[in-house]
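Chain by chain, the residues run as shown.
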Amino acid sequence: MIVMQYRFTLPADYDMTIIERRIAEHGAKLNGFPGLLFKAFLVARRDAAFSEENRYAPLYVWESAAAMTQFLQSPGFRRLTQDFGWPQIDTWLALRLPAVAEVKSAAWLSIARETIPAHSDLSALQLHAPLCGWDVSRWQLLQVDFVGAPQEGKENYRVAYVASEDMG
């Protein structure tokens, strides 16, 4: 499984209801997308106490590189890049995955990224969150919690919608 995320930081005066309306109108189109375990549509508002920036930052979990490739080559992703620009896409190999029902029941998602020190015992990494992954090109550990409220000291997003392979 592959965890994938890109983040669009939007201007401080950007009307975030545009993003929320876009999610409401188009989010369900990814339900049943082949190879997509889930996509959490994530929004951070600058006017909230937990974020200094307006962001749209969806998080995906793909069953395979082929499924992720199919999405990245799709008209939907092309349209997104035309509307918001060419994003840097971060990817991690999944080490631990939550049940999709846990993701769908969360109001918030909190992200922590940690450096994996050189010569670490990789079999002894401390995995604390329901979703964990590692990027071995940057030696970074990703830990994602699905929670009811923002967590202090983490990158927090409101979960606006969750699309999944299993639409139930």
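Everything in this summary refers to the structure shown in the same document.

How each quantity is defined
Residues numbered from 1 in each chain as written. Predicted model: local features only at pLDDT ≥ 70, side-chain atom pairs only at ≥ 80, totals over all residues. Heavy atoms only, no water. Helix = DSSP H or I, 4+ residues; strand = E, 2+ residues; numbered from the N terminus. Buried < 20%, exposed > 50% of the residue type's maximum accessible area, 1.4 Å probe, protein only. Polar contact = N/O pair within 3.5 Å; in protein donor to acceptor, adjacent residues only side chain to side chain. 1 Å grid on protein atoms, 1.4 Å probe; cavity = no way out; pocket = protein on both sides within 12 Å on 5 of 7 lines; lining within 4 Å. Points joined across faces, edges and corners; volume = space filled by probe spheres on them. Arc of directions from axis to C-beta. Contact = heavy atoms within 4.5 Å. Salt bridge = Lys/Arg side-chain N within 4 Å of Asp/Glu carboxyl O.

**So, the side chain of Q140**
Logical step 1: Tracing the backbone shows Q140 in strand β9 (residues 140-147).
Logical step 2: Among the residues examined, Q140 registers a relative accessible area of 14% and is labelled buried.
Logical step 3: Looking at Q140, its side chain comes within polar contact range of the side chain of W92, at 2.9 Å.

**As for the environment of Q126**
Logical step 1: Along the chain, Q126 falls in the loop between β7 (108-115) and β8 (131-135).
Logical step 2: Separated by 19 residues in sequence, Q126 and D145 have C-alpha atoms that sit 14 Å apart.
Logical step 3: Among the polar contacts listed, one links the side chain of Q126 to the backbone oxygen of A124, at a separation of 3.3 Å.

**What about unusual backbone geometry?**
Comment: phi is negative for the bulk of residues other than glycine, and the bulk of peptide bonds are trans.
Logical step 1: One non-glycine residue, H119, lies in the positive phi region at around 65°.
Logical step 2: The residue H119 is located in the loop between β7 and β8 in this model.
Logical step 3: Overall, the relative accessible area of 83% leaves H119 in the exposed class.
Logical step 4: A positive phi angle, near 50°, is found at W139, a position not held by glycine.
Logical step 5: Looking at the element boundaries, W139 is found in the loop between β8 and β9.

**Describing the layout of surface pockets**
Logical step 1: Of the pockets and cavities examined, the largest pocket occupies roughly 410 Å³.
Logical step 2: Contributing to the lining of the largest pocket are 19 residues, with R22, H26, K39, G76 and R79 lying nearest its centre.

**Quick notes on helix α2 (residues 65-72)**
Logical step 1: Restricting attention to buried positions, one finds in α2 the residues A67, M68 and F71. Down the axis of α2, the buried set is contained in an arc of 100°. They therefore lie on one face.
Logical step 2: On its buried face, α2 sits against β1 (2-6), β5 (59-62), α3 (75-84) and β6 (89-96).

**Quick look at the pattern of salt bridges**
Logical step 1: By the definition in use, this model includes 11 salt bridges.
Logical step 2: The residue D145 makes a salt bridge to K154 at a minimum N-O spacing of 2.9 Å.
Logical step 3: Three or more residues joined by partner-sharing salt bridges are found here, namely R7, E53, R55, D90, R113, D135, R138 and E155.

Worth remembering: the numbers are spatial, not functional.
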